[in-house]
Amino acid sequence: MTARTQLLHGLAALLLTAVFGIPGVQAQKLQERMASRYNEVFDYSKVAAIYEDLDAKGKSDATTLRKLAMAYRKLGDAPKAEGAYRRLMITTGRTAEDVLAFGDQLRANGKYTEALEQYELYAKEKPEDPRAQNYLRTPNLFYRLRKDSTSATIRTVPINSPEADLGMSVMDDLLLFSSARGDGSGGRHMYQWDDQPFLNLYSAFLKGETAEEPMVMRNDINSRYHDGTVSYDSLAKRMYFTRNNYFYGTVTKDTEGELNLGIYFTDVVKGEFEQQEWGNLIPFDHNDANSNSGHPSVSPDGRRLYFASDRPGGEGGVDIWYCDNLGNQWGVPQNLGPKVNTVGDEMYPFITAKGTLYFASSGQPGLGGLDLFFTRVRESGPGNVFNLGYPMSTRFNDHSLLLLNDSSGFFASDRTGGTGSDDIYGCTIRPQMMYLAGTVVDKVSRAPIEGALLVLKDGDGNPIQPVNVKQEAGGRFTIEAPYSERYLLAATANGYNQAEVTINTDDDQLDNIVVEMEKYDYVAEGTVFHGETGAPLPGSTVVLTDGTDKELARTVVGADGNYRFPLQKDSDYRLMVEKEGFFKQSARITTRGRTEPVLRTDFKLFPLVVDQVVRLENIFYDYNKWNIRPDAAIELDKLVQTLLDNPTVTIELSSHTDCRGKDAYNMSLSQKRAKAAVDYLIVEGIAADRVKSKGYGEAKPSETCVCEKCSEDQHQRNRRTEFKVLSK
């Protein structure tokens, strides 16, 4: 304990003994009035001393213990705060809010099981309040947030002091920060809340992932009150920072006489001798003496300023707000909304060039006092909020995150093991593991489906690795996987058609995913292949229609090229497949008279380019004949459908023979066969000007073996029917 702290505690004790001679009730009322006055000026040491004295005299009631616990919390004395709350829980007059506060204190002390018990009690008394429900809805939250200690690397930084160090920004090769170490203007005055000097602004040299040689900024930047939590706009060469509403010697207080916080800024200007220096101090457009504004964070493009404020119109205590840059002024402050802001406190925003907002919160579900969170801010507003987890978030107060790039930067924390009350640490954060949870159900009956096979894919349909999928009773599941902006969750189960749901990480409720699966009498399934390579053709669209061509369902196949649709009995359907730059294809299928439940139809899509040649399989002719056999008609019917599906395409249909026999005979036979095939297409409804026949005889073999040495397989491959794209 410092001499100044000893003096303050001694003064409090002297004031207490001065009222000992006053009769009991009068003395207690006087002490309570004194405590109220000390509370107004944030002198919580004296507040605690007064209520400790009342407690020692056996005059503790629920009000006394409540105020004593709150004073301990403000002083950061977690063990004493917990002790006061424990006694309050068994005291007549305790409220539901006391139960919630006790749960929060237990959580801040790392006693998570006990904290959940208090949240359960509070939820019974205040079932409509979401604050406890946030923890009860995900009872393993504390385990999940603490399980991955490798999610970040923490480094000590040699610029800390025994006092508070926090609120950083970067200016060229300097790390700007706030400190209560006592240098500069604010160092001559003590802040009664924590018995430390007022905060002043400092700078230190950035050295890679650390900083060195801290120096206090000059006195016309720092004042006799708080100056801190800084943000530098590198485009405008402007520094925004928080300070008490003290402007060139003028103190502006609120209607109750309190000195609140505001945002001020100053530009880099050229001095008398062309040197760079800070210009005049200018108040932020929307400072208000009757509320606090601070913790500015200007976006890298200078178009938006985020800040923290307890002004009216928010969600709770301190909220995050923003203003848009209108050119020569900042627009009207807008609250960031209930996805980010809570009935607790949200502070220390930091916005990246990619639109990720990091901030500290005591109201979002977390491990302790202030935890670190992030959300992605789009034009439509912020997305879902995620806790950075241990070791970035702990049961202590963690805040002031600043990133120099996508992963490395600094943050501040009052965790144990530091130099002072709040210390600056270096950090490297890694991609966050996401937690998904939900239920697989029957689409019609809503009954849970047990044991469904789940596969998690990214937005492009590629399976995600590593992934941890756990099945639970009642069709429940949990999944842990690396962050992806969008997930595709596929489910398969016996007797059900495969189901797939799209999960938008920033918008959807990730702990209540519902996968609906549809039972089938029959199922249509197959694979879309590349016609030339034989490999699956991802990105192909498969459409299912009924017998009248009314669309029933569609899907875009993934990397495996597979599709699957449920079918009804005694029904007719059509499958249509397309992909940009390829021939469209379709096929008619029916469940009428079928006994097997699976109708498999594979498709081969060929590139749709002029001069593309496609071989028609299974076109056979009887010896020395050219009439269309029934088995050949099946294959030609597929070509008819392809031409109907691609109505602008014209083709040349050609027939080829092997090398055996006389040239003139082979040429004549191939021409007759090609013409017979084209005549078949015309009879089936293809316009004559879209198809041309050509017989090549043995002139264009696909196998270039010497005729006498060709195998029977090679001769068979040379006897073929093809078509070539003439126009598309």
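Since the model is a prediction, treat every value here as computed from it, not as a measurement.

What counts, and where the lines are drawn
- Residues numbered from 1 in each chain as written.
- Predicted model: local features only at pLDDT ≥ 70, side-chain atom pairs only at ≥ 80, totals over all residues.
- Heavy atoms only, no water.
- Helix = DSSP H or I, 4+ residues; strand = E, 2+ residues; numbered from the N terminus.
- Expected span 1.5 Å × (residues − 1).
- Buried < 20%, exposed > 50% of the residue type's maximum accessible area, 1.4 Å probe, protein only.
- Contact = heavy atoms within 4.5 Å.
- Salt bridge = Lys/Arg side-chain N within 4 Å of Asp/Glu carboxyl O.
- 1 Å grid on protein atoms, 1.4 Å probe; cavity = no way out; pocket = protein on both sides within 12 Å on 5 of 7 lines; lining within 4 Å.
- Points joined across faces, edges and corners; volume = space filled by probe spheres on them.
- Nonpolar A, V, L, I, M, F, W, Y, C, P; charged D, E, K, R; others polar.
- Core = buried A, V, L, I, M, F, W, Y, C linked by side-chain atoms within 4.5 Å.

Student: Give a description of helix H11 (residues 663-683) that names residues and reports values.
Tutor: Think of an α-helix as 3.6 residues a turn; residues three or four steps apart then line up on the same face. Its 21 residues place the ends of H11 30 Å apart at the C-alpha level, agreeing with the 30 Å of an ideal helix rising 1.5 Å per residue. Residues Asn-666, Leu-669, Ser-670, Arg-673, Ala-674, Ala-676, Ala-677, Val-678, Tyr-680 and Leu-681 constitute the buried set of H11. Packing partners of the buried residues in H11 comprise helix H10 (630-645), strand E43 (650-656) and strand E44 (691-697). Phi for Gly-685, located one or two positions after H11, is positive at around 110°.

Student: Which residues make up unusual backbone geometry, and what values go with them?
Tutor: Between Tyr-390 and Pro-391 the backbone carries a cis peptide bond, its omega angle lying at 10°. Residue placement: Pro-391 occurs in the loop between strand E23 (386-387) and strand E24 (398-403). Following Gln-465, the chain continues to Pro-466 via a peptide bond in cis, the omega torsion being -10°. Note on placement: Pro-466 falls in the loop between strand E28 (453-458) and strand E29 (468-471). Notably, Asp-172 is not glycine yet its phi reads approximately 55°, a positive angle. Summarising the element assignment, Asp-172 is placed in the loop between strand E2 (165-171) and strand E3 (174-179). Judged by its relative accessible area of 58%, Asp-172 is exposed. The backbone of Arg-446 shows a phi angle near 70°, a positive value even though the residue is not glycine. Judged by relative accessible area, which is 42%, Arg-446 ranks as partly exposed.

Student: Account for the pattern of salt bridges, with residues named and values stated.
Tutor: Using the criterion set out here, one finds 39 salt bridges in the structure. Where Asp-549 meets Arg-574, a salt bridge forms, and the shortest distance between an N and an O atom there is 3.4 Å. Of this pair, Asp-549 sits in the loop between strand E35 (541-546) and strand E36 (551-556) while Arg-574 is found in strand E38 (residues 572-578), placing the two residues 25 residues apart along the sequence. Overall, the relative accessible area of 38% leaves Asp-549 in the partly exposed class. For Arg-574, a relative accessible area of 11% corresponds to the buried category. Connected via shared salt-bridge partners are Glu-82, Arg-86, Lys-111 and Glu-114.

Student: Quick one: what's the story with the layout of surface pockets, residue by residue and with numbers?
Tutor: Each pocket or cavity is described by its volume, and for the second largest pocket that value is around 1,100 Å³. Surrounding the second largest pocket, 40 residues form its lining, Arg-137, Gln-364, Pro-365, Val-385 and Phe-386 being those nearest its centre. For the lining of the second largest pocket, the elements supplying multiple residues, two or more each, are helix H8 (130-136), helix H9 (141-147), E23 and strand E27 (433-442). Of the residues forming the lining of the second largest pocket, the biggest block, four residues, is contributed by H9. Of the residues contributing to the lining of the second largest pocket, the split by class is 16 nonpolar, 13 polar and eleven charged.

Student: Pulling in residues and values, what's your account of the nonpolar core?
Tutor: The biggest cluster of nonpolar side chains holds 48 residues, and the ones touching the most others in it are Met-392, Leu-401, Leu-489, Val-515 and Met-517. The biggest single contributor to this core is strand E26 (residues 423-429), with four residues. In this structure, Val-515 is in contact with Thr-439, Val-440, Val-441, Phe-477, Leu-489, Ala-491, Ala-499 and Val-501, ignoring residues within four places of it in sequence. Formed by 33 residues, the second largest nonpolar core is a distinct cluster that contains Tyr-72, Ala-84, Met-89 and Ala-115.

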